[in-house]
Amino acid sequence: FVNAGQTLDVLRDFSSILTHSLNAEAMLKQFLLFLREILSVNRAAIFLNRPTLSPADAPAAEDHHRLRSAAAIGLSSGLLEHFELSLDSGIGGQISRLGRILRRDSDEVRADAEAQKEFELLGAQVAVPIPDRDSIVGVAVFDGRVTGELLVNVELELIFHLLEQVGLALRNIWLHDQLADNHEMMADVLRELSSACIVVGRDLKVLHANKAARRHFGQKNRRTGGLEFSDMPQALGAKIYQVLKTGAGIGPFRYEPENSPGTIYSVSVVPFQRGNSVAPVSALLTADDLTQTEQLRKLEVEAANLRLVKTMADRLAHEV
């Protein structure tokens, strides 16, 4: 079936799905179209056990092993919308237990009424596991050729090995999505903090500045609305430069801007180091506005003094 020239053609065509390396749905659709082109598959569908990306999206215990349709050709979208496989029973259960390709006319399927029913509903003749070298992330089901002939073993072996690479790609896509979600969540948290947070790289470029930082230190740069290192007060810029050069953090210190008398900040600068490198790759400055806190403290002291004076006056009046 496959000679050297055909193998190169298959690999060349298979690489076309890499253009969708960050989009699982588009990649799987392209993969099925690729199989239809080289094998003339009549119907095909891919069911996946999608991982949980965040605690808020955690599935119920009974849904943990559910396989939902991710891509299909030649099958009704209405059917797949309400159809699922399971890793505990039926086709999914047999695939999970055997870990190999499953034919509709095999002994395992004949002894499994649920698997027979699923094959019949999908109009499929064979089911192929989608591994990622650690576990099974999904199941692909295929009908025969458009001519009515069944897929032969060497073709199914090729599909299995291609699906193994697809499984690894899916795992990478899901990990990328998880990292992107975590990064977005952390960015949202930093952006809404009341403390000013500024990350500056070794080239003195501002890598991140949250709302509080732009509000306190970004008034000069009205054109872009962002924050540049030149916008920083000279005293704070010198501290950041010192940390980037020495790699030693600077603990909390009191800072009062010259152009804003009465405003008080508690500022810290810490280095960010990568791996075993001694030189920091960036520095984080955090500034907490203590103006209101200081004012409240002064008011409390004044109130305490007034209470003391009142107590002394009452005592003197009593003695008189």
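This text gives an overview of the structure that appears in the document. (Residues numbered from 1 in each chain as written. Predicted model: local features only at pLDDT ≥ 70, side-chain atom pairs only at ≥ 80, totals over all residues. Heavy atoms only, no water.)

Strand order across the open sheet formed by 5 strands is 8-7-11-10-9, with antiparallel pairing between neighbours. Of all strands in the sheet, those bounded by a partner on one side alone are strand 8 (206-209) and strand 9 (250-255). For this sheet the average axis-to-axis angle between neighbouring strands, irrespective of direction, equals 20°. Relative to strand 10 (residues 265-272), strand 9 runs antiparallel, the two sharing 4 bridges. Considered in strand 10, the bridge of Tyr255 is made with Tyr265. Across the sheet, helix 9 (residues 234-246) touches strand 7 (196-201), strand 9, strand 10 and strand 11 (282-289), and the angle it forms with strand 9 is around 175°. (Pairing = 2+ DSSP bridges. Helix = DSSP H or I, 4+ residues; strand = E, 2+ residues; numbered from the N terminus. Axes fitted to C-alpha atoms, helices over the stretch in contact; angles between N-to-C directions. Contact = heavy atoms within 4.5 Å.)

Taken in spatial order, the 6 strands line up as 3-2-1-6-5-4 in an open sheet, and their pairing is antiparallel. Each edge of the open sheet is held by one strand with a lone partner, namely strand 3 (84-86) and strand 4 (102-103). In this sheet, strand 2 (residues 66-73) lies alongside strand 1 (residues 44-48) in antiparallel orientation, the contact comprising 5 bridges. Opposite Ile46, over in strand 2, you have Ala71 as the bridge partner.

This brings us to the pattern of salt bridges. Per the stated rule, a full pass over the model turns up 11 salt bridges. Linking Arg66 and Glu84 is a salt bridge whose minimum nitrogen-to-oxygen distance equals 3.8 Å. Of this pair, Arg66 sits in strand 2 while Glu84 sits in strand 3; the two residues are 18 residues apart in sequence, bridging distant segments of the chain. Sharing partners across several salt bridges, the network here consists of Arg66, Arg68 and Glu84. (Salt bridge = Lys/Arg side-chain N within 4 Å of Asp/Glu carboxyl O.)

Let us look at the side chain of Glu118. Considering the arrangement of structural elements, one finds Glu118 in helix 6 (residues 113-122). It is Arg66 that comes nearest to the buried, bridge-free Glu118 among opposite-charge side chains, at 6.9 Å. Only 2.7 Å separates the side chain of Glu118 from the backbone nitrogen of Ile91, close enough to count as a polar contact. Here Glu118 is in contact with Phe83, Glu84, Leu85, Gly90 and Ile91, once residues within four sequence places are set aside. (Buried < 20%, exposed > 50% of the residue type's maximum accessible area, 1.4 Å probe, protein only. Lys, Arg positive; Asp, Glu negative; His and termini not counted. Polar contact = N/O pair within 3.5 Å; in protein donor to acceptor, adjacent residues only side chain to side chain.)

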